[in-house]
Amino acid sequence: MEKRLFQPDEGRLSKLFKTLDTHNDGFITFEELKAYLSKSGQRFTKDEIKNLIKRGDVRSNDGVLDYKEFIDLMVSHEKEMWEHFVKLDKDGSGQISHSELSFFFKKQDCNMPDSKIKELITRIDKDKNLLISWDEFREFNQFRSKFKITAKHYFGDPYADGLVTIPAQKGAEKKKFSFMEKLVCGGVAGVVSRTATAPLDRVKVLLQVQGQQKILGATEELSIGQLFKAMTKEGYTTMWRGNGISCVKIFPENALRFLIFELLCNSDKLKVSKYDLVNKLLCGGLTGIACQSLMYPVELTKTRVMTSQGSVGILGTVREISRENGK
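Basis of the calculations
- Residues numbered from 1 in each chain as written.
- Predicted model: local features only at pLDDT ≥ 70, side-chain atom pairs only at ≥ 80, totals over all residues.
- Heavy atoms only, no water.
- Helix = DSSP H or I, 4+ residues; strand = E, 2+ residues; numbered from the N terminus.
- Buried < 20%, exposed > 50% of the residue type's maximum accessible area, 1.4 Å probe, protein only.
- Contact = heavy atoms within 4.5 Å.
- Areas by Shrake-Rupley, 256 points an atom, 1.4 Å probe, with all protein chains shown as cover.
- Axes fitted to C-alpha atoms, helices over the stretch in contact; angles between N-to-C directions.
- Parallel < 35°, antiparallel > 145°, perpendicular 65-115°, else oblique.
- Nonpolar A, V, L, I, M, F, W, Y, C, P; charged D, E, K, R; others polar.
- Salt bridge = Lys/Arg side-chain N within 4 Å of Asp/Glu carboxyl O.
- Phe/Tyr/Trp six-rings, centres within 6.5 Å; stacked < 30°, edge-to-face > 60°.
- Left-handed = near helix turned anticlockwise from the far one by under 90°.
- Patch = residues over 30% accessible without salt bridge, like charges linked within 9 Å, V, L, I, M, F, W, Y side chains within 5 Å.
- Expected span 1.5 Å × (residues − 1).
- pLDDT = per-residue confidence, 0-100.

Draft legend 1. Local environment of the overall build of the protein. From N to C terminus, the protein includes 15 helices and 4 strands. Counting all 327 residues of the protein, 37% fall into the buried class. The long-range fraction of contacts in the protein, counting pairs at least 24 apart against all pairs at least 6 apart in sequence, stands at 59%. By element, 57% of the accessible surface of the protein is carried by carbon and sulfur atoms, the whole surface being about 19,900 Å².

Draft legend 2. View of the packing of helix α1 (residues 10–20) against helix α2 (residues 30–39). Running from amino to carboxyl end, α1 crosses α2 at an angle of 105°, the nearest separation of the two axes being 9 Å. As the angle between them shows, α1 and α2 are arranged roughly perpendicular. Here L16, T19 and L20 of α1 lie close against α2, whose contacting residues are E32, L33 and Y36. Split into classes, the residues belonging to the contact of α1 with α2 amount to 4 nonpolar, 1 polar and 1 charged.

Draft legend 3. Here's a closer look at the pattern of salt bridges. Following the criterion strictly, the structure yields 8 salt bridges and no others. A salt bridge links E78 to R12; the shortest N-O distance between them is 2.1 Å. Taken together, the residues span a long stretch of sequence, with E78 in helix α4 (residues 67–88) and R12 in helix α1 at a distance of 66 residues. Take E78: its relative accessible area is 1%, and that puts it in the buried class.

Draft legend 4. Representation of the packing of aromatic side chains in the model. Under the definition given, this model contains 7 aromatic pairs. Aromatic side chains F17 and F70 sit 5.5 Å apart centroid to centroid with 55° between the ring planes, which places their arrangement in the tilted category. One end of the pair, F17, is in helix α1; the other, F70, is in helix α4, with 53 residues separating them in the sequence. Linked through ring pairs, W82, F85, W134 and F137 together constitute an aromatic cluster.

Draft legend 5. Seen up close, the packing of α4 against helix α7 (residues 134–141). α7 packs onto α4 with a crossing angle of 130° between their chain directions and a minimal axis gap of 10 Å. Relative to α7, α4 is oriented oblique. Seen from above, α4 lies across α7 with right-handed handedness. Contact residues: H77, E78, M81, W82, F85 and L88 in α4; W134, F137, R138 and N141 in α7. For the contact of α4 with α7, the class distribution of residues is 6 nonpolar, 2 polar and 2 charged.

Draft legend 6. Structural context of a nonpolar patch on the surface. A cluster of nonpolar side chains, contributed by M180, V184, V188, V192 and F251, occupies part of the molecular surface with about 430 Å² of accessible area. For the nonpolar patch, the element with the highest residue contribution is helix α10 (residues 179–209), accounting for 4 residues. Note on placement: V188 falls in helix α10. Looking at V188, the relative accessible area reads 46%, which means it is partly exposed.

Draft legend 7. Here's a closer look at α4. Over its 22 residues, α4 runs 31 Å from end to end, which matches the ideal 32 Å to within 8%, given 1.5 Å per residue. Here α4 has its buried residues at E69, F70, I71, L73, M74, H77, E78, M81, W82, H84, F85 and L88.

Draft legend 8. Highlighting the environment of S99. Looking at the element boundaries, S99 is found in helix α5 (residues 98–107). Placed 15 residues apart in sequence, S99 and D114 show a C-alpha to C-alpha distance of 9.3 Å.

Draft legend 9. A look at the environment of L206. Mapped onto the fold, L206 is located in helix α10. Between the alpha carbons of L206 and L227 there is a distance of 8.0 Å; along the sequence they are 21 residues apart.

Draft legend 10. Representation of unusual backbone geometry within the structure. Positive phi is not limited to glycine here, since N24 has a value of about 55°. Among the structural elements, N24 can be located in the loop between α1 and β1 (27–28). The backbone of N61 shows a phi angle near 50°, a positive value even though the residue is not glycine. Along the chain, N61 turns up in the loop between α3 (46–56) and β2 (65–66). Of the residues examined, N61 reaches a relative accessible area of 64% and is grouped as exposed.

Draft legend 11. Structural view of the confidence of the model for the protein. Chain-level pLDDT for the protein is 76 on average; 79% of the residues reach the 70-or-more range. Mean pLDDT across the elements of the protein ranges from a minimum in helix α9 (residues 170–173), with 41, to a maximum in β1, with 92. The low-confidence segment residues 146–154, where pLDDT is below 50, has 34 contacts with residues more than four positions distant or belonging to other chains. Long-range and interchain partners of residues 156–173, a stretch whose pLDDT sits below 50, account for 39 contacts in this model, where long-range means more than four residues apart.

Now the structure itself:
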């Protein structure tokens, strides 16, 4: 089949610019674009409109679109739309039919009922022939953000309140957290979980070392129940001994883990892709080794604090460890 080439209609875009430029000053502002979209019944958030202007405002970077910026933006956008239209129009008839849409949704693993496909066509189809022409497809999507080859990014979620809306960008579907947000959220979650399980963690450590040293003044090995009972003799708060240093080390440990893993994944030698399981496992293993090695002094201090009878504090424990090793 002969490849169908995109032919920009600059005359139509020129008329559209004049329609949008209600102040007749040669620029399209945020308020003008917002008013046009609202009047035409298209639902866009403020951020979506700002992002649209930002994509086109590449020459002057002044927050508005002049004629040249608008034309360049729309021609580029419509060229991309045309490429997707051609992919949907399997038989090359210049119109997208019900069967072609059904094939598309099945290929996207989207179980779309025929009634919903008909509803979608009806919303885009202006001449009521149950076919979507290029002009109708272009008009429906003329201010939508860049496409992705998925059903949801073509036509949004046809199930949402019976409306057909298209998310402006991938980030609108799922919030992407920054490094600091991930670090803080992970740190807070770690502090809460460590604090909640601190008594069990201390008992675990005491069980591990009681064969090598006397624990809590006992002359023989203690059971789990006896360990809990012995700990509470000094007060219930002793069950959380060592929890402070455990919480303190969470933030630097998480930061190191994120940083080392990202550096390894993005290194020139590995270049780990989304589906590269082997290299991801390798990076995860190396990250674990590096983090454990760097955080070992803190882990050793935490263990000594947990197994001590009476507490000299974190700094006192560090000094004791230094004296024992002749430093």
